[in-house]
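Structural overview
The residues making up each chain are set out below.
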Amino acid sequence: MRTPLIAGNWKMNLTRADSVALAKALAEGVGSATHYEAAVFPPALYVDAVREVLQGSKVKWGTQNLYPEAPGAFTGEICAPMLVDLGCTYVILGHSERRTLMGETDAQVNKKTLAALAAGITPIVCVGELLAERQANQTADVIRKQFEGSLAGLTEAQIKQCVIAYEPVWAIGTGLTASPQQAEEVHADLRKLLAERYNQPLSQEVRILYGGSVKPSNAAELMSQPNVDGALVGGASLKAADFLGIAAGVKS
Ligand code: 13P
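All of the points below concern the structure found in this document. Remember, it's a predicted structure, so these values are computed and weren't measured experimentally.

**Quick word on the environment of Asp-106**
- Mapped onto the elements of the fold, Asp-106 is located in helix 5 (residues 106-119).
- The exposure class assigned to Asp-106 is buried, which follows from its relative accessible area of 14%.
- Along the backbone, Asp-106 and Glu-156 are 50 residues apart, and their C-alpha atoms lie at a distance of 19 Å.
- The residues contacting Asp-106, other than those within four sequence positions of it, are Arg-99, Lys-145, Gln-146, Gly-149 and Ser-150.

**As for the side chain of Asn-110**
- Of note, Asn-110 is situated in helix 5.
- Classification of Asn-110 as buried rests on a relative accessible area of 13%.
- Setting aside residues up to four positions removed in sequence, Asn-110 forms contacts with Gly-149, Ser-150, Leu-151, Ala-152 and Leu-154.

**Structural notes on the nonpolar core**
- Ranked by size, the top nonpolar core spans 66 residues in total, and within it Ile-6, Leu-54, Ile-164, Leu-190, Tyr-210 and Ile-246 carry the most contacts.
- Broken down by element, this core gets its largest block of residues, six residues, from helix 1 (residues 16-30).
- Residues in contact with Leu-190, not counting those within four places in the same chain, are Val-127, Ile-143, Phe-147, Ile-164, Tyr-166 and Ile-208.
- Membership of the second largest hydrophobic core comes to twelve residues, among which are Leu-5, Ala-39, Phe-41 and Leu-209.

**Focus: the site of the ligand**
- Lys-11, His-95, Gly-173, Ser-213 and Gly-235 are the nearest of the 13 residues found near the ligand.
- Lys-11 has a polar side-chain atom sitting 2.8 Å from an oxygen atom of the ligand.
- At a separation of 2.6 Å, an oxygen atom of the ligand approaches a polar backbone atom of Gly-173.
- For the ligand, whose unbound accessible area comes to 310 Å², protein coverage reaches 95%.
- Residue composition of the shell around the ligand, grouped by class: four nonpolar, seven polar and two charged.

**Things to note about the side chain of Asp-229**
- Tracing the backbone through its elements, the reader meets Asp-229 in the loop between helix 11 (216-223) and strand 8 (230-233).
- Using a relative accessible area of 5% as the deciding quantity, one classes Asp-229 as buried.
- One polar contact links Asp-229 to Arg-191, side chain to side chain, over a distance of 2.8 Å.
- For Asp-229, the residues in contact, after removing those within four places along its chain, are Arg-2, Thr-3, Pro-4, Leu-5, Arg-191, Val-206, Arg-207, Ile-208 and Leu-209.

**What to know about the packing of aromatic side chains**
- A complete count under the given rule lists three aromatic pairs for this structure.
- Between Tyr-67 and Phe-74 the ring centres are 5.2 Å apart and the planes differ by 45 degrees, which places this aromatic pair in the tilted class.
- The class of Phe-74 is partly exposed, set by a relative accessible area of 33%.

**Overview of the environment of Gly-31**
- Tracing the backbone through its elements, the reader meets Gly-31 in the loop between helix 1 and strand 2 (37-41).
- Residue class for Gly-31 comes out partly exposed when judged on its relative accessible area of 32%.
- Sequence separation of Gly-31 and Ala-107 is 76 residues, and the distance between their C-alpha atoms is 39 Å.

**Comments concerning the pattern of salt bridges**
- Taken as a whole, this structure holds 14 salt bridges when the rule is applied.
- Note that Glu-148 and Arg-144 form a salt bridge whose closest N and O atoms lie 3.3 Å from each other. Of this pair, Glu-148 and Arg-144 both sit in helix 7 (residues 139-150), separated by four residues, roughly a single helical turn.
- Shared partners join several salt bridges into a network, and the residues in it are Arg-2, Arg-191 and Asp-229.

**Here we look at the environment of Ala-136**
- Its location among the elements puts Ala-136 in the loop between helix 6 (131-135) and helix 7.
- As for Ala-136 and Gln-64, which are separated by 72 residues in sequence, their C-alpha atoms are 30 Å apart.

Thresholds, definitions, all that
- Residues numbered from 1 in each chain as written.
- Predicted model: local features only at pLDDT ≥ 70, side-chain atom pairs only at ≥ 80, totals over all residues.
- Heavy atoms only, no water.
- Helix = DSSP H or I, 4+ residues; strand = E, 2+ residues; numbered from the N terminus.
- Buried < 20%, exposed > 50% of the residue type's maximum accessible area, 1.4 Å probe, protein only.
- Contact = heavy atoms within 4.5 Å.
- Core = buried A, V, L, I, M, F, W, Y, C linked by side-chain atoms within 4.5 Å.
- Near = heavy atom within 4 Å.
- Polar contact = N/O pair within 3.5 Å; in protein donor to acceptor, adjacent residues only side chain to side chain.
- Areas by Shrake-Rupley, 256 points an atom, 1.4 Å probe, with all protein chains shown as cover.
- Nonpolar A, V, L, I, M, F, W, Y, C, P; charged D, E, K, R; others polar.
- Phe/Tyr/Trp six-rings, centres within 6.5 Å; stacked < 30°, edge-to-face > 60°.
- Salt bridge = Lys/Arg side-chain N within 4 Å of Asp/Glu carboxyl O.

This is how it looks when you write it as structure tokens:
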């Protein structure tokens, strides 16, 4: 049984005060729900303030990136043990904005994934094709390559600790959403890749989230697909009502 996860990626938005207020509203809105899990990803600078609000609530928290080294001389970076120190459950890795804007490669995402796992933090590893790749019918190949590269060398026990997020790049922040059928096709492919590399029962255990212009009006249909186990939400996660509206789309 895969518990759906609704994850809010706040990206580089909000002030400290906004973050605290949003976290409070989410803790209250999520209440004691157990049929799904909620997590938020504030800018790293605000994680501690958000932690103070969310501690003791059902909402978990994490960061949007990490640097895969032990503490040391790495100016400007944050490492997995620091995430542990701040009670993070999750970390988003390999987001398309990091791949595109910061040139992050599958090999780097793989190192980060292993560093998160070694610290006991659950990585949410993102994959997704560009519009040109979809138009050229390369989606399945791109997803396979990112899956193989970003998740290279993980043991069965390690992959079971991971969450995968399918975020078609053309659907991120554009208002364009993959249709439920388009999302399901890629999610089913990802599960097939898990079954091929590991085994069928394991493939049924790993959660695969959809991300890309998820909003209250399209969330329920996307999440009703058999292989869609929740959502990674950007813009709509910045408003408590929208995040909670998306969570309301999880079947209880
Ligand atoms: P939007 O929901 O704003 O399209 O962003 C999706 C995303 O990138 C989440 O990580």
